Amino acid sequence: MSDILLRGTSLKKDYGRITVLKGVDIDVAEGEAHVVIGPNGAGKTTLFKVLSGEVFPTSGTVSFDGRDVTRLAGWQRTRHGVGRTFQMARIFKELSAFENLVVALEAKKRQGTSALELLRLVPAASIRDEARRILAEFSLEHVSAWPAGSLSHGDKKTLELAMVLAARPRLLMLDEPTAGMSPADRQRSVELIAGLMKGGGLSLLLTEHDMQVVFGLATRITVLNYGEIIATGSPEEVRSNPRVREVYLGHDVSAA
Ligand SMILES: Nc1ncnc2c1ncn2[C@@H]1O[C@H](COP(=O)(O)OP(=O)(O)OP(=O)(O)O)[C@@H](O)[C@H]1O
Ligand SMILES: [Mg+2]
């Protein structure tokens, strides 16, 4: 058994004539919090899509827990333990926060059931209890009955995270989880994610622009620039890497 949970090898992604990923090698070890940083347009979201199965690479391979998943769709990877959020939160806007969680829990229980069928189900008491417990854990009880579309941006993202975690993934992939959040919500998210990591059994791959969040969570950092990795290592190694400072971190890293 290797302790590498996710591995992308020589990943290349072309969109028409544009090459967005130019041969990326990346892995996530069990229990680590691996953060991918890089300028806008570097290819971070594209790398996430390739690793999570939302799009397939033009060439290269993806393996999860030692199994080749390169040609498996995202929902199939979810079954193997990959959970991801999106740069824009994906929730059912007309359903309440509580109902959103119920759907996520039912989806885990009844894999292969369509969203429409899930919506028609009368949830078991155990599912309703579990949804209430999770809402409390994520400090969302006060918005439990609100339509999810009416929640604040920070609460929407937190709800989405709670829904992904309802499937009990082994790997959590977060694409800019704190983008557009207030400083208070951002701090709450960092504490929440750090708490999840402490619980054990979870590995993390995330992208993030906010350096407080990056250095607050990362056990390893990879820097992507124009579709190529220019550095990977411990936060200290990356922070002091001259090339990284030149292309990305600039001066603001001293504040992190
Ligand atoms: N579906 C697509 N078709 C064509 N080009 C695309 C597509 N998706 C992304 N790109 C291009 O690929 C490049 C990388 O985009 P990507 O969204 O992966 O960057 P990013 O690092 O996530 O940026 P940001 O920090 O702004 O989120 C950009 O130049 C983008 O325009
Ligand atoms: Mg992006």
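Residues numbered from 1 in each chain as written. Chains lettered and ligands numbered in written order. Predicted model: local features only at pLDDT ≥ 70, side-chain atom pairs only at ≥ 80, totals over all residues. Heavy atoms only, no water.

### Regarding the overall build of the protein chain
A count of helices and strands for the protein chain gives 10 helices and 10 strands. Relative to the globule expectation of 18 Å for 256 residues, the C-alpha radius of gyration of the protein chain, 18 Å, shows essentially globular dimensions. For the C-alpha atoms alone, the extent of the protein chain along its principal axes is close to 55 × 40 × 40 Å. Partitioning the intrachain contacts of the protein chain with sequence separation of at least 6 by distance along the chain shows that 66% fall at a separation of at least 24. (Helix = DSSP H or I, 4+ residues; strand = E, 2+ residues; numbered from the N terminus. Rg over C-alpha atoms; globule rule 2.2 N^0.38 Å. Contact = heavy atoms within 4.5 Å.)

### Topic: the sheet that holds strand 2 (residues 18-29)
Two strands in a sheet stick together by hydrogen bonds in their backbones, pointing the same way (parallel) or opposite ways (antiparallel). Spatially, 4 strands are ordered 2-1-4-5 in an open sheet, and the strand pairing comes out antiparallel. On the outer flanks of this sheet lie strand 2 and strand 5 (67-68), each paired with one strand and no other. Across 2 bridges, strand 4 (residues 59-64) lies against strand 5 in antiparallel orientation. In the strand pairing of strand 5, Phe 64 is matched with Arg 67. Lying on the sheet, helix 1 (residues 44-52) is in contact with strand 1 (4-15), strand 2 and strand 4; it crosses strand 1 at an angle near 120°. (Pairing = 2+ DSSP bridges. Axes fitted to C-alpha atoms, helices over the stretch in contact; angles between N-to-C directions.)

### Comments concerning the site of ligand 1
In the vicinity of ligand 1, 13 residues are found, and the nearest of them are Gly 41, Lys 44, Thr 45, Thr 46 and His 209. A distance of 2.6 Å separates an oxygen atom of ligand 1 from a polar side-chain atom of Thr 46. Separating an oxygen atom of ligand 1 from a side-chain N or O atom of Glu 176 is a distance of 3.4 Å. Surface burial for ligand 1 is 62%, taken as the share of its 630 Å² of free accessible area covered by protein chains. For the shell around ligand 1, a count of residues per class yields 4 nonpolar, 7 polar and 2 charged. (Near = heavy atom within 4 Å. Polar contact = N/O pair within 3.5 Å; in protein donor to acceptor, adjacent residues only side chain to side chain. Areas by Shrake-Rupley, 256 points an atom, 1.4 Å probe, with all protein chains shown as cover. Nonpolar A, V, L, I, M, F, W, Y, C, P; charged D, E, K, R; others polar.)

The values are spatial; any link to function lies outside them.
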